[in-house]
Amino acid sequence: MLTTATTSHPVVIIGAGPIGLAAAAQLSERGLPFVVLEAGSTAAAAITDWGHTRLFSPWQYNLDAAAQRLLEASGWIAPDSEALPTGHELREQYLEPLAHLPQIAESIRYDARVTAVSRAGMDKTRTARREETPFLVRIETADGYSDDVLASAVIDASGTWSAPNPLGQAGLLAPGERQALAAGRITPPLPDVQGRDRERVAGKRVMVTGAGHSAANTLLDLAELDAATTIIWAVRTADLTRVYGGGEQDELAARGALGSRLRQLVDSGRIEVLTSFTITHFSLEDSLTVHAVTPNGEREVSVDVLVPATGFRPDLGMLAELRLNLDPAVEAPTQLGPLIDPEFHSCGSVEPHGERVLSHPEKNFYIVGMKSYGRAPTFLMATGYEQVRSIAAALAGDREAADAVHLELPETGVCTTDLGGSCDAPAPADDACCSSSPQMIELSVGR
Ligand SMILES: Cc1cc2nc3c(=O)[nH]c(=O)nc-3n(C[C@H](O)[C@H](O)[C@H](O)COP(=O)(O)OP(=O)(O)OC[C@H]3O[C@@H](n4cnc5c(N)ncnc54)[C@H](O)[C@@H]3O)c2cc1C
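Cut-offs used in this document
Residues numbered from 1 in each chain as written. Predicted model: local features only at pLDDT ≥ 70, side-chain atom pairs only at ≥ 80, totals over all residues. Heavy atoms only, no water. Helix = DSSP H or I, 4+ residues; strand = E, 2+ residues; numbered from the N terminus. Contact = heavy atoms within 4.5 Å. Areas by Shrake-Rupley, 256 points an atom, 1.4 Å probe, with all protein chains shown as cover. Core = buried A, V, L, I, M, F, W, Y, C linked by side-chain atoms within 4.5 Å. Buried < 20%, exposed > 50% of the residue type's maximum accessible area, 1.4 Å probe, protein only. Near = heavy atom within 4 Å. Polar contact = N/O pair within 3.5 Å; in protein donor to acceptor, adjacent residues only side chain to side chain. Nonpolar A, V, L, I, M, F, W, Y, C, P; charged D, E, K, R; others polar. Pairing = 2+ DSSP bridges. Axes fitted to C-alpha atoms, helices over the stretch in contact; angles between N-to-C directions.

**Focus: the overall build of the protein**
For step 1, the next point in the chain: Counting its regular elements, the protein contains 16 helices and 17 strands.
For step 2, the next point in the chain: Across the protein, every contact between residues at least 6 apart in sequence was considered, and the portion connecting residues at least 24 apart equals 71%.
For step 3, the next point in the chain: Accessible area of the protein: about 18,200 Å², with a carbon and sulfur share of 50%.

**Notes on the nonpolar core**
For step 1, the next point in the chain: Of all hydrophobic cores here, the largest spans 59 residues; its most connected members are L21, L27, Y94, I104, I155, I340 and L395.
For step 2, the next point in the chain: The dominant element in this core, judged by the number of residues it contributes, is helix 1 (residues 18–30), at seven residues.
For step 3, the next point in the chain: Residues contacting L27, with those up to four places away along its chain left out, are V11, I13, L32, F34, I155, A392 and L395.
For step 4, the next point in the chain: If you look at the next biggest cluster of nonpolar residues, it comprises 26 residues, including A215, I231, L240 and V305.

**A look at the site of the ligand**
For step 1, the next point in the chain: Close contacts around the ligand come from 29 residues, with E38, F56, S57, M370 and M381 the closest.
For step 2, the next point in the chain: Take A39: an N or O atom from its main chain is 3.0 Å from a nitrogen atom of the ligand.
For step 3, the next point in the chain: Contact with the protein chains covers 94% of the free accessible surface of the ligand, which is 970 Å².
For step 4, the next point in the chain: At the level of elements, helix 1, helix 2 (45–49), strand 4 (112–119) and helix 13 (369–372) are the ones that each hand at least two residues to the shell around the ligand.
For step 5, the next point in the chain: Residues belonging to the shell around the ligand are distributed by class as follows: 20 nonpolar, six polar and three charged.

**Focus on the sheet that holds strand 13 (residues 297–303)**
For step 1, the next point in the chain: A sheet is described by the order of its strands in space; here three strands give the open sequence 11-12-13, paired in antiparallel fashion. The sheet is open, and its two edges are formed by strand 11 (278–284) and strand 13, each paired on a single side. Each neighbouring strand pair of the sheet contributes to a mean axis angle of 25°, computed without reference to strand direction.
For step 2, the next point in the chain: In terms of strand pairing, strand 11 meets strand 12 (residues 288–294) through six bridges, oriented antiparallel. Residue pairing in the sheet places F282 in a bridge with V290 of strand 12.

The values are spatial; any link to function lies outside them.
Below is the structure:
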């Protein structure tokens, strides 16, 4: 709950993505003042980058309840609950109308990138009166100036889109990776290969790395380009069976169809697969040479361009002056880490969780949304909506509502195109995602 010493300042929400905007809607309903600081010049700036991709969960799981109430009061009509929108449709049909509602629009500041969060007048080492001291949120504006915003509480919903995992082994950038990126030989994640980024790949020798949803989508899109486009799919895993799914026998028709298409393209030779392929370094001449180790020894593959699809990690640099409690492996809040560890959990098997699980020693500071899952690739918007509902209730002093955590996850709906069991990264060995029959997971716990 906010203390009287800090309530003269708004709650700062970092990021106007789906979870940041849902936090705004929840706080608006609770009557708590807030400011959304968004790095981009529009709402859902990160989704704009991957907007050509179709979501794997239908509309009914992509809307926040408070946001929907505010929108419907303005005459907005919800899209078909069973349809699967693209990222662009999610933004145009839901997030932009939400961001334009007067209750929210007047509290969003665009082109305001948060570079640091601290407590006004005190660094991380100072304890006396810490909890009553407002947060200081430093922003950098589009013209390069810095500005400070004081806050009663901070909800970091800045996502992980700007921090893709490096391609090198051991979680590190491979030698030569930075230069290959600068030279445009490595694309941003999820390029629009049939539209905006077509020229970068059409007729070229293209390598795709990763074995998740993003890699599958990119490979299928590339295969629809003309036959002059050479497609190489490099994965760290030794066996692609799990990535393909169960084909015609698959319990989930859409997943089976997607996996079957991918398998056919591999079997027909349209896509060349390199398994057990661990990138060691890159060298750059006329083309990009990818150096790797495989069980059969060292390997060099020359390509024109490489498309990375190996997941994301949180950028924690701007939070260095805060007292955080993060899981040492997953980099999610400590109590959340074991609930979402991708070695043991899938998209649909994460327990619902709220303010208590997401709290840190730094009172009234929360990481939510995609970033709250740290390096785990299994985040779902529905989970994030429940996170911010609970946090808004706690900040408003409604402990009962904050603790009544409730979530319905569509186990099949989230996994229909989720090849290999992870949403956006290489399939972990023991992931059980999507193996159960179609069903709803309904969980209601006090946390
Ligand atoms: C290709 C793809 C498909 C997905 N499909 C689904 C799906 O079908 N169903 C599902 O439930 N989930 C899906 N997800 C996962 C997840 O729900 C989405 O990534 C969702 O957009 C996460 O919402 P978010 O608000 O946490 O972060 P984001 O959408 O990334 O929004 C973060 C916002 O913060 C801004 N920002 C970043 N840094 C700063 C900063 N320092 N200061 C200020 N602002 C900043 C960004 O510009 C952005 O607007 C998918 C993810 C991807 C990548």
